[in-house]
Amino acid sequence: MSAIKGGRISSNLIENFEEIHKGLTRSEAIEEANRCLYCYDAPCIKACPTSIQIPKFIKKIASGNLKGSAKTILEANPVGASCARVCPTEELCEGACVLNHDTKPISIGHLQRYATDWAIKQKEPLFKAGERNGKTVAIIGSGPAGLSAARELSLLGYEVTIFEAQEEAGGLNHYGIVSFRLPKEVVQWEVEQVKQLGVEIKTNTTVGVDIKAEEIIDHFDRIILAIGMGKVPNLGIEGETLKGVCDAIEFVKQTKIKDPTDELVGKTVAVIGAGNTAIDAATTAVRLGAANVKILYRRTKNEMSAYQFEYDFAKQDGVEFRWLTAPLKIIGNEQYEVTGLECVKMALDEAGRPVPIKGSETTIDLDVVIKAIGQTKHSELIEAFSLNHTKGVVDVDAETYQTSQENIYACGDCVFGNGQTEAMVVSAAEQGKEVAKAIHRTFMLQSEIA
Ligand SMILES: Cc1cc2nc3c(=O)[nH]c(=O)nc-3n(C[C@H](O)[C@H](O)[C@H](O)COP(=O)(O)OP(=O)(O)OC[C@H]3O[C@@H](n4cnc5c(N)ncnc54)[C@H](O)[C@@H]3O)c2cc1C
Ligand code: SF4
C-alpha cells in the first residue's frame, strides 16, 4: 500500500472512495451562517456564475428554514448540490467574500452543501413544471448544461426530451468527477428533480448512431447541443497500445460504475497532464493502492490548469509532481505490458513554449501510464447538425448561445474554447439556464406563446 500522509487512505479500497468531507453538523452550520455579514450588493453573488442569492440562503440556514435555503440555491443553480462539492470556491464566491480581508471567508460551499443535503434527504420535489405551452425542445446530453437547460425550460412550460448516450444521466458529474469528491447519489437526485418535472430522459441513446440528427431536427421546435467533450486524445508517441496505458476519464469512470479492484496495488503510475482530470486520475490511483503516483507535465506549476486546492489535495495524497517533463516513448516487455516511460526535460522558450533539452532523456520504471491531456471534440456530430465550429468548439452567439443554425443552440463544454483555463460545472449550469431563457425569448418575440 502506498505511503500516504494524513492517514486517510485505508487498505479497504471501497472505503477510499467514500466522500472525503463529511459535511457540517447543525451547530457548525448555524455558527458559520451567523458569521455572514449579509452584505448589501454582496460581491459573492457577482462572483458566482449562477448568481445564487448567497446571503439569502445563508440567512435561511441561520433561521432554520432549510427548505427555503435549498430552494434559493437550486432556483439559481439546478445542479447546486453538485456545485457545493466541486466548485473552485476560492476562485469564485468565497474568493470574493469581504471577510477575506479580516478573518476567513464564509464557507459558502459547505453551507450550500448543508442546505442541499437536507433537501436530498427529504426526497420531495422542490419545483413544479409550468403549464405546457405546446413547444418542444430536444437536448442532446444530460450533463450539468443539459440538465440545467431542461429544468429551466420545463419550468417555463416546454416539453423537453433529453437524449443521453450513457446508461445513466448526469454527464461528467456522474461518470467523470471522482466519487470521493462527488458521490453519484447526489447527481442521481439532481437528475430525479429534473425528471419529476416531466422531462423525458432517453438514456443509452447516442445521437448520430441510434437516432439521426435529421430526425431530431424534423421533430422538435428547438434543439440544444450539450454534448460536452470526448475522450482523452492520444499522446502521439510509441507504445500507446501497450497493456497498462489508459484514458484518465475512462479510468475514473470504472471506479464510478463498479467496486474498486486491487489491480493497482503496489504499482507505479504516471499521469500525463496537469489539469483537474489529471488530479482526479492521480488521486484515484492512490486510492486504488498504487505505491507511487507521479504527475508529469511539460510546463511548470505556473502553467498547470488544475486549481491550487486540487494541487494541494494531490500533494496531501502523496502524488509526486515532475514539472518540465515530457513523455517520449512508452516502453513495454514481451507480454506487451508497460514497464517504463522514456522522458525528456523541457525548458520554456521566450514565448513560453516548452522545448526539449537535448541529452536530458531519462527512463522511469513504471507499470501504468494514464493520459490526461485534455479531451477531444465531437466534430462529427456538430457537423451532422451542419453547425459552424472552430476546431470542434461550436461557434455560438456570446449572449444567446445560438449556433449558425437558427433553431439550434449549444452550451457547456462543447462551446468551451481552447486557451481557457478549466471548464467548470457551474459555468455549464449557467449556460444551460441562459440558453433556456434565450429560447423562450424567441417564442415570446414571435408571440407564439403567452
Ligand atoms: C475528471 C474530471 C474532473 C472534473 N472536476 C471538476 C471540478 O472539480 N469542478 C468543476 O467545476 N468541474 C470539473 N470538471 C469539469 C466539468 O465536469 C465539466 O465542465 C462539466 O461536466 C461540463 O458539463 P456539460 O454538460 O457541458 O458536459 P458533460 O458533463 O460532459 O455532459 C455531456 C453529456 O453528453 C452526452 N453525449 C455526448 N455525445 C452524445 C451523443 N452523441 N448522443 C447523446 N448524448 C451524448 C455525454 O454522454 C454526457 O453525458 C471535471 C471534469 C473532469 C473530466
Ligand atoms: S454555485 Fe459554486 S460559485 Fe456559486 S455560490 Fe455555490 S459554490 Fe459558490
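By convention here, each chain's residues receive numbers from 1 onward along its written sequence. For naming, the first written chain is A and the first written ligand is 1, with later ones following in the order written. pLDDT decides what is reported in this predicted model: residues at 70 or higher carry local features, side-chain atom pairs at 80 or more are listed and counted, and totals for whole chains, interfaces and linings draw on all residues regardless. For side-chain calculations, the full set of non-hydrogen atoms in the structure is used, while hydrogens and water are omitted.

### Thoughts on the overall build of the protein chain
Put simply, DSSP H or I for four residues or longer makes a helix, DSSP E for two residues or longer makes a strand, and each gets a number counted from the N terminus. In terms of regular secondary structure, the protein chain is built from 17 helices and 16 strands. The globule rule puts the C-alpha radius of gyration for 450 residues at 22 Å, and the 23 Å found for the protein chain is close to it. Projected onto the principal axes, the alpha-carbon positions of the protein chain cover approximately 70 × 55 × 45 Å. Only protein chains enter the accessibility calculation, which uses a 1.4 Å probe; a residue is then buried when its area is under 20% of its type maximum, exposed when over 50%, and partly exposed in between. In the protein chain, which comprises 450 residues, the proportion classed as buried is 54%. What the globule rule says is 2.2 Å times the number of residues to the power 0.38, and the radius of gyration is computed from C-alpha atoms.

### Concerning the site of ligand 1
V86, E164, R181, D413 and V425 are the nearest of the 34 residues found near ligand 1. Throughout this description, a polar contact denotes any pair of N or O atoms lying within 3.5 Å of each other; where both atoms belong to protein, one of them has to be capable of donating a hydrogen while the other can accept it, and for residues adjacent in sequence the pair is counted only when both atoms sit in side chains. Contacts to ligand 1 include A145, whose backbone N or O atom sits 3.0 Å from an oxygen atom. M424 places a polar main-chain atom, nitrogen or oxygen, 3.5 Å from an oxygen atom of ligand 1. With residues, only the protein chains shown are counted as cover, and all accessible areas are computed by Shrake-Rupley using a 1.4 Å probe. Notes on ligand 1: free accessible area 1000 Å², of which the protein chains cover 95%. Sorting the residues of the shell around ligand 1 by element identifies α9 (144-155), α14 (276-287) and α17 (425-445) as the ones contributing at least two each. Here a residue is near a molecule or strand as soon as one of its heavy atoms is found within 4 Å of it.

### Looking at the domain arrangement of the protein chain
One can read the domain layout of the protein chain as domain 1 (21-122), domain 2 (136-230 + 376-449) and domain 3 (245-371). For every domain, the bounds stem from an assignment made automatically or drawn from a database. Spacing between the C-alpha centres of domain 1 and domain 2 amounts to 26 Å. Tallying the contact residues gives 19 residues for domain 1 and 20 residues for domain 2. Looking only at domain 1, the three residues that lose the most surface to domain 2 are P78, V79 and V86, adding up to 33% of its buried area. Any carboxyl oxygen of Asp or Glu that lies within 4 Å of a side-chain nitrogen of Lys or Arg is treated as forming a salt bridge with it. There are 0 salt bridges connecting domain 1 and domain 2. Here domain 1 is connected to domain 2 by 6 residue pairs in polar contact (both at pLDDT 80 or more). Those elements that place two or more of their residues in the side of domain 1 that touches domain 2 are α5 (66-76), α6 (80-86) and α8 (108-122). Ranked by the residues each element gives to the side of domain 1 that touches domain 2, the list is headed by α6, at 6 residues. Classification convention: Asp, Glu, Lys, Arg as charged; Ala, Val, Leu, Ile, Met, Phe, Trp, Tyr, Cys, Pro as nonpolar; all other residues, Gly among them, as polar. Here the side of domain 1 that touches domain 2 is composed, by residue class, of 13 nonpolar, 4 polar and 2 charged. The contact definition used throughout considers only heavy atoms, calling two residues in contact when any of these lie within 4.5 Å. Computed with a 1.4 Å rolling probe, the buried area is the accessible surface lost when two parts are put together, summed over both parts.

### Some details on the nonpolar core
Counting residues in hydrophobic clusters, the biggest one holds 69 residues, and the most contacted among them are I139, I140, L153, I216, I224, L225 and F385. Counting residues per element, this core draws most heavily on α17, at 9 residues. Summarising the domain contributions, this core has at least three residues from each of domain 1 (21-122) and domain 2 (136-230 + 376-449). In this structure I140 touches F163, V207, I216, I223, I224, L225, A226, I227, L381 and F385, once residues within four positions along its chain are discounted. We call a set of buried residues a nonpolar core when its members are Ala, Val, Leu, Ile, Met, Phe, Trp, Tyr or Cys and they connect through side-chain atoms within 4.5 Å of each other. A278, I279, M304 and I370 belong to the second largest nonpolar core, which has 33 residues in total.

### Side note on the packing of aromatic side chains
Each pair of aromatic rings is reported with the distance of its centres and the angle of its planes. Centre distance within 6.5 Å is the pairing criterion for rings of Phe, Tyr and Trp, where only the six-membered ring of Trp is used; planes under 30 degrees apart are then read as stacked, over 60 as edge-to-face, and the remainder as tilted. Scanning all chains against the criterion turns up 9 aromatic pairs. Ring centres of F163 and F220 lie 6.0 Å apart, and the angle between their planes is 90 degrees; on these two criteria the pair is classed as edge-to-face. Residue F163 is located in strand β2 (residues 159-163), and its partner F220 is located in the loop between α12 (213-219) and β4 (222-225); the two are separated by 57 residues in the primary sequence. Taken individually, F163 and F220 each receive the classification buried, so the pair is uniform in this respect. One aromatic cluster is present, built from ring pairs that chain together Y297, Y311, F321 and W323. Our definition puts a charge over a ring when NZ of Lys or CZ of Arg is within 6 Å of the ring centre and also within 35 degrees of the ring normal. Here the guanidinium or amino end of R222 rests over the ring plane of F443, the centre of that ring lying 4.1 Å away. Looking at K301, its charged tip hangs above the ring of Y311, at a distance of 4.5 Å from the centre.

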